[in-house]
Amino acid sequence: MSGVFPFVWSILIGFLLIPGTITAQDKVKGHLIVEDVLARPGTSVTLKATLIEKGLLGNKGLGGETITFTIQGQHAGTALTGGDGRAFLEFKTHMRGNHKIVATVESSPRVESVAGNGNLASWERRRPILLVDFSTLLQKDGSIPLPIIPGVGSLGALGKPQENAAHELSKLAEFYYNVIYVHEHQGTALHETREWLRRHEFPVGITRMVPQDAKALLAFMEKLKEGGWDNLEAGIGRTREFAQTLVKNRIKTVIFPDPREKKKYPRRAKIVNSWKEVRKQL
């Protein structure tokens, strides 16, 4: 009997190592990133989603997987991911407003079921746009610490929002503005920034990665204009370059002064120290 057990055990191990005998345990844990889309009602847009596997050395796209898109709970269509993990689907907008995009991978033999969210911003031009530097929403100095693992962000690293920020910004969005959040990607991925905004009940808008220097900001504003979005009316930021760029383009500018900057802000920029002051300036 003493020799039977090792024999049976070796057979069992051999069986487990046969390709195809392990199923759920072999599946990859994917992450599905959905881009925010800005469009006008009645126009065609491209819905975009990226399926990746996160790793210590970076992210790897997962190709050959079927992505199902829904808009406000209604089926919009399916698309197949390419070798880089990206999938695209043409869609025609109908109703105005912010519409939730959900992309999902289901019943894949290779990847675990996963979902990702985004926003289809079907906006009319008559409603002005408010540009918000994401760092103004964070407590302390707005700096974002780098994650422990390169390429893998952390919601916890972002910390808590500024007092009254969500409430005051929601009032501005409810009665007047559409909101575009701009973020510098200092250790936190764009989709994690959006999740932080949702978790803390900030108004729905679109989120873009834009470095907070004059050249990048100006290029972003020009791109908006090229797309027909010449209704950027106001901005809330932190840096001197943010203030200078917006003021030069005759855009209402509210600034939470960055304690690390010693230079003066433009005279026409309105300086505030709390979110309760913001609406008075806009």
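Numbering of residues starts from 1 in each chain and follows the order in which that chain's sequence is written. This being a predicted model, a pLDDT of at least 70 is required before a residue's local features are given, and a value of 80 or more before pairs of side-chain atoms are given or counted; all residues contribute to the totals for chains, interfaces and linings. Excluded from the side-chain calculation are hydrogens and water; included are all heavy atoms of the structure.

A. Looking closely at the overall build of the chain. A run of H or I in DSSP counts as a helix once it spans at least four residues, and a run of E counts as a strand once it spans at least two, with each numbered from the N terminus. Regarding its fold elements, the chain presents 7 helices and 15 strands. For the exposure calls, accessible area comes from a 1.4 Å probe over protein chains only, and a residue counts as buried if that area is under 20% of its type's maximum, exposed if over 50%, partly exposed in between. Taking all 282 residues of the chain together, 43% fall into the buried category. Pairs at least 24 apart in sequence give 64% of the contacts found in the chain among residues at least 6 apart. Note on areas: these come from Shrake-Rupley sampling with a 1.4 Å probe, and a residue is covered only by the protein chains present in the view. By element, 55% of the accessible surface of the chain is carried by carbon and sulfur atoms, the whole surface being about 15,700 Å². Whether two residues touch is decided by their heavy atoms; if any such pair falls within 4.5 Å, the residues are in contact.

B. Structural view of the packing of aromatic side chains. Only centres within 6.5 Å qualify two rings of Phe, Tyr or Trp (six-membered ring in Trp) as a pair; their planes then separate them into stacked at under 30 degrees, edge-to-face at over 60, and tilted for everything else. Going through the model one piece at a time under the given rule, you end up with 4 aromatic pairs. With centroids separated by 4.7 Å and ring planes inclined at 85°, the aromatic side chains of Tyr176 and Tyr177 adopt a geometry described as edge-to-face. On the basis of relative accessible area, Tyr176 is assigned to the partly exposed category, the value being 37%. A residue is classified by how much of its surface remains accessible, and Tyr177, at 2% relative accessible area, is buried.

C. Representation of the pairing of strand β6 (residues 74–80) within the structure. Bridge analysis of strand β5 (residues 66–71) against β6 gives 6 bridges, and the strand direction is antiparallel. Within the sheet, the bridge partner assigned to Phe69 lies in β6 and is Gly77. Here, strands pair whenever DSSP counts at least two bridges between them. Connecting β5 to the next strand, β6, in antiparallel fashion are 2 residues, including Gln72 with a positive phi near 50°.

D. Representation of the sheet that holds strand β12 (residues 206–209). The sheet built from 6 strands is open, its strands ordered β12-β11-β10-β13-β14-β15 with parallel pairing. In the strand order of this sheet, the two ends are held by β12 and β15 (270–271), each with one partner. By the bridge criterion, 2 bridges tie strand β14 (residues 252–255) to β15 in an arrangement that is parallel. Counterpart to Val254 in the pairing with β15 is Lys270. What counts as an axis is a line fitted to C-alpha atoms, over the stretch in contact for a helix, and the angles between N-to-C directions run from 0 to 180 degrees. Lying over the sheet, helix α6 (residues 240–248) contacts β10 (129–133), β13 (232–237) and β14, oriented at roughly 165° with respect to β14.

E. Region of interest: the sheet that holds β5. Pairing is mixed in the open sheet, where 5 strands are placed in the order β2-β9-β8-β5-β6. For this open sheet the edge positions go to β2 (37–39) and β6, each flanked by a neighbour on one side alone. In this sheet, adjacent strand axes meet at a mean angle of 25° when their direction is disregarded. Where β2 meets strand β9 (residues 114–122), 3 bridges bridge the pair, whose relative direction is parallel. Note on β9: the bridge partner recorded for Ala39 is Ser122.

F. Expanded view of the pairing of β10. For β10, the tally of buried residues reaches 5 of 5 residues, placing the bulk of the element in the interior. Side-chain alternation along β10 places Ile129, Leu131 and Asp133 on one buried face and Leu130 and Val132 on a second face that is also buried. When β10 meets strand β11 (residues 178–183), the two strands line up parallel, connected through 5 bridges. Bridge assignment links Leu130 to a residue of β11, and that residue is Val179. With 4 bridges joining them, β10 and β13 adopt parallel strand pairing. Bridging from a neighbouring strand, Leu131 pairs with Gly235 of β13.

G. Seen up close, helix α5 (residues 214–226). Any helix carries an expected span of 1.5 Å times its number of residues minus one. With 13 residues, α5 extends 18 Å from end C-alpha to end C-alpha; this agrees with the ideal 18 Å at 1.5 Å per step. Among the residues making up α5, those that are buried are Ala216, Leu217, Phe220, Met221 and Leu224. What you see down the axis of α5 is that its buried residues fit within an arc of 135°, all on one side. Relative to its buried face, α5 has exposed residues pointing more than 90 degrees away, namely Lys215, Lys223 and Glu226. Contacts made by the buried residues of α5 are with β2, β10, β11, β12, β13 and α6. With a side-chain oxygen positioned 3.2 Å from the backbone nitrogen of Lys215, the residue opening α5 is Asp213. Two residues or fewer after α5 comes Gly228, characterised by a positive phi angle close to 90°. The directions from the helix axis to the C-beta atoms are what the arc is built from. Here a polar contact is taken to be a pair of N or O atoms separated by no more than 3.5 Å, where protein atoms must pair a possible hydrogen donor with a possible acceptor and residues adjacent in sequence count only if both atoms sit in side chains.

H. Just α6, in detail. Taken together, the buried positions of α6 are occupied by Phe242, Ala243, Thr245, Leu246 and Val247. On the buried face of α6, the contacting elements are β10, α5, β13 and β14. Positive phi shows up at Arg250, right after α6, with a value of about 60°.

I. Structural view of the packing of α5 against α6. Between α5 and α6, the shortest axis-to-axis distance is 9 Å and the interhelical angle comes to 40°. It follows from the interaxial angle that α5 and α6 lie oblique. Remark: the crossing between α5 and α6 carries right-handed chirality. Where α5 approaches α6, its residues Ala214, Leu217, Leu218 and Met221 are matched on the opposing element by Glu241, Phe242, Thr245 and Leu246. Any angle from 65 to 115 degrees is called roughly perpendicular, while one under 35 is roughly parallel, one over 145 is roughly antiparallel, and all others are oblique. By convention, the crossing between two helices is left-handed when the near helix turns anticlockwise from the far helix through less than a right angle, and right-handed when the turn is clockwise.

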